[in-house]
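# Summary of structural features
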Number of protein chains: 2
Amino acid sequence: MTSEGPEGRAPRRRGRPSGAATSTGPDARTRILAAARTEFAGRGYDKTSIRGIAKEAGVDAALVHHYFGTKDEVFAAAIEVSFEPALVVPDILAGPVESMGERLARTFIGVWEDPATRAPLLAILRSALTHEAAAKVLRGFVLRRLLERIAADLDVPDPTFRAEMAASHMIGIAILRYVLRAEPLASADPEKIIAMAAPTLQRYLTERDAP
Amino acid sequence: MTSEGPEGRAPRRRGRPSGAATSTGPDARTRILAAARTEFAGRGYDKTSIRGIAKEAGVDAALVHHYFGTKDEVFAAAIEVSFEPALVVPDILAGPVESMGERLARTFIGVWEDPATRAPLLAILRSALTHEAAAKVLRGFVLRRLLERIAADLDVPDPTFRAEMAASHMIGIAILRYVLRAEPLASADPEKIIAMAAPTLQRYLTERDAP
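Residues numbered from 1 in each chain as written. Chains lettered and ligands numbered in written order. Predicted model: local features only at pLDDT ≥ 70, side-chain atom pairs only at ≥ 80, totals over all residues. Heavy atoms only, no water.

## Comments concerning the overall build of chain A
The secondary structure content of chain A amounts to eleven helices and zero strands. Ordered by position in the sequence, the α and β elements of chain A form the string α-α-α-α-α-α-α-α-α-α-α. Buried positions account for 51% of the 211 residues belonging to chain A. Partitioning the contacts of chain A with sequence separation of at least 6, the portion at a separation of at least 24 is 62%. Counting every atom, chain A has about 9,500 Å² of accessible surface; 54% of that belongs to carbon and sulfur. (Helix = DSSP H or I, 4+ residues; strand = E, 2+ residues; numbered from the N terminus. Buried < 20%, exposed > 50% of the residue type's maximum accessible area, 1.4 Å probe, protein only. Contact = heavy atoms within 4.5 Å. Areas by Shrake-Rupley, 256 points an atom, 1.4 Å probe, with all protein chains shown as cover.)

What follows is the structure in structure tokens.
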């Protein structure tokens, strides 16, 4: 195994002959994250390795370690990128309070309806449901961060609990519709789901005296 | 391997020296189902075999085939037994309409709070989320059967869709609380969860003009 100085200027490239990319720099970091998502999605958490991610990204494994550290940390970084659409949720919540539930439902369903964002979310969810290490990462890096950011914008008692109740409904819909593909939810018009779920989210996130 | 006639009277037993059980009859059927739940829960869907279930139950593999057929069919039967508590849901729904949501939330949370019923449900959920064969069984044998039984008792438009929206919320709560163990939901008082979710289920299941 060769060792490229992670800080060094792009040394001669090994492995992939493909053209555009360099093996260090911001571009390499992006490629590594994309490779990590592909590997975790395709192989599952167990069978994914730093070495496999490096190979997929066309870089040395040492560079993956340099940018991200352990496998858990690569997983966490891949999760964060995948959840970027979700991290705009607090901005959405900052709009008119009376339509907060509807905006949240629409954003969530939109992220899952788009195959490009759905695939990594599915991979993360599957990994977390079957591997404690992945569950821990999801709990620590994303759920809490996301929930607490939402909760900070809410004017209700127990805002984090309320945010998590809302999240639980959205996650349950995702599992029945996109993972288990259970009918009639799997084929329902997204607008019908949004219309049904929005008042629930609205109540959880905005009604001070609920329940 | 010896072949015991599945219909035959209990021949001399092999393998397990433990006392009470016979290797055929209703008791053997019960033992096979218990063994199937143990195997699917402990090994996952992929690694569970008819032979392993038979060994765990102290019977011949031919008897497992005789009672249940294929591995998928054993899985389906194990699911049905595990979901028995859920199959009482329609009876619960038959009570006073104004407290339907609360009864449903309480029953569901109760089933998950009990470790004896939680373990097989967790195993089923994990299998279904990671293996299409298990997902298909869950879709076909249980979700539809359960949802359609509930829907038959509802006096709202799209009753099956409404029942599935309610189920999605309960499943999402189970995943965050019992599988991912994400706080604050994981440590919340069950009564607090029931109180928050009940009005949602009530609206889905009983309010004709919702949303």
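## Observations regarding the interface of chain A and chain B
Every contact between the two is made by 43 residues of chain A and, on the other side, 43 residues of chain B. The largest share of the area that chain A buries against chain B comes from Leu129(A), Phe161(A) and Met196(A), three residues that together contribute 20% of it. Here chain A is connected to chain B by four salt bridges. In this structure, Glu132(A) and Arg181(B) form a salt bridge, with 3.6 Å as the shortest nitrogen-oxygen distance. The interface formed by chain A and chain B holds 19 residue pairs in polar contact (both at pLDDT 80 or more) in total. Secondary structure elements with two or more residues in the side of chain A that touches chain B: α8 (115-130), α9 (132-152), α10 (159-179) and α11 (190-206) of chain A. Among the elements that make up the side of chain A that touches chain B, the one with the highest residue count is α10(A) (14 residues). Looking at the side of chain A that touches chain B, its residues break down into 27 nonpolar, six polar and ten charged. (Buried area = accessible area lost by both parts, 1.4 Å probe. Salt bridge = Lys/Arg side-chain N within 4 Å of Asp/Glu carboxyl O. Polar contact = N/O pair within 3.5 Å; in protein donor to acceptor, adjacent residues only side chain to side chain. Nonpolar A, V, L, I, M, F, W, Y, C, P; charged D, E, K, R; others polar.)

## Things to note about the pattern of salt bridges
Under the definition given, this model contains 16 salt bridges over all chains. Here Glu191(B) makes a salt bridge to Arg106(B), at a shortest N to O gap of 2.6 Å. Separated by 85 residues along the polypeptide, Glu191(B) in helix α11 (residues 190-206) and Arg106(B) in helix α7 (residues 100-113) bring together distant segments of the chain. The structure contains a network of salt bridges with shared partners spanning Glu102(A), Arg106(A) and Glu191(A).

## What about the packing of α10(A) against α11(B)?
With their axes 11 Å apart at the nearest point, α10(A) and α11(B) run at an angle of 45° to one another. Classified by the angle their axes make, α10(A) and α11(B) are oblique. Note that α10(A) runs across α11(B); the crossing there is right-handed. Touching Phe161(A), Arg162(A), Met165(A) and His169(A) of α10(A) are Lys192(B), Ile193(B), Met196(B), Ala197(B) and Tyr204(B), all from α11(B). Its residues assigned to classes, the contact of α10(A) with α11(B) shows six nonpolar, one polar and two charged. (Axes fitted to C-alpha atoms, helices over the stretch in contact; angles between N-to-C directions. Parallel < 35°, antiparallel > 145°, perpendicular 65-115°, else oblique. Left-handed = near helix turned anticlockwise from the far one by under 90°.)

## A few points about the relation of the copies chain A and chain B
Least-squares fitting of chain A to chain B yields an RMSD of 0.0 Å, with the superposition described by an axial translation of 0.0 Å and a rotation of 180°. This pairing of chains is accounted for by a two-fold axis. Residue by residue, 100% of the interface of chain A is reproduced at the interface of chain B, so both copies engage with the same surface. (Least-squares fit on C-alpha atoms with pLDDT ≥ 70 in both.)

## What about the UniProt feature "DNA-binding region" (unreviewed entry) in chain A?
UniProt marks residues 49-68 of chain A with the feature "DNA-binding region" (unreviewed entry), using the numbering shown here. For residues 49-68 of chain A, the helix share is 80%, the strand share is 0%, and the end-to-end C-alpha distance is 13 Å. (UniProt positions renumbered as here; feature names shortened; annotations may be inferred.)

## Overview of α7(B)
An ideal rise of 1.5 Å per residue puts 20 Å on 14 residues; α7(B) measures up with 20 Å between its terminal C-alpha atoms. Where α7(B) is concerned, the buried positions are Met100(B), Gly101(B), Arg103(B), Leu104(B), Ala105(B), Phe108(B), Ile109(B), Val111(B) and Trp112(B). (Expected span 1.5 Å × (residues − 1).)

## Regarding the packing of aromatic side chains
Counting across every chain of the model gives eight aromatic pairs over all chains. Consider the rings of Phe108(A) and Trp112(A), whose centres lie 6.2 Å apart with planes at 40°: the pair is tilted. One end of the pair is Phe108(A) and the other is Trp112(A), both in helix α7 (residues 100-113) and four residues apart, which spans about a single turn. Within the aromatic cluster, the residues linked to one another by ring pairs are Phe108(A), Trp112(A) and Tyr178(A). Of note, Lys192(A) hangs over the ring of Phe161(B), and the distance from its end group to the ring centre comes to 4.4 Å. (Phe/Tyr/Trp six-rings, centres within 6.5 Å; stacked < 30°, edge-to-face > 60°. Lys NZ or Arg CZ within 6 Å of the ring centre and 35° of its normal.)

## Description of the environment of Leu176(B)
Residue and element names in this part refer to chain B. Counting through the fold element by element, Leu176 comes out in helix α10 (residues 159-179). Looking at Leu176, the relative accessible area reads 0%, which means it is buried. The spatial distance from the C-alpha of Leu176 to the C-alpha of Ala186 is 7.0 Å, given a sequence separation of ten residues.

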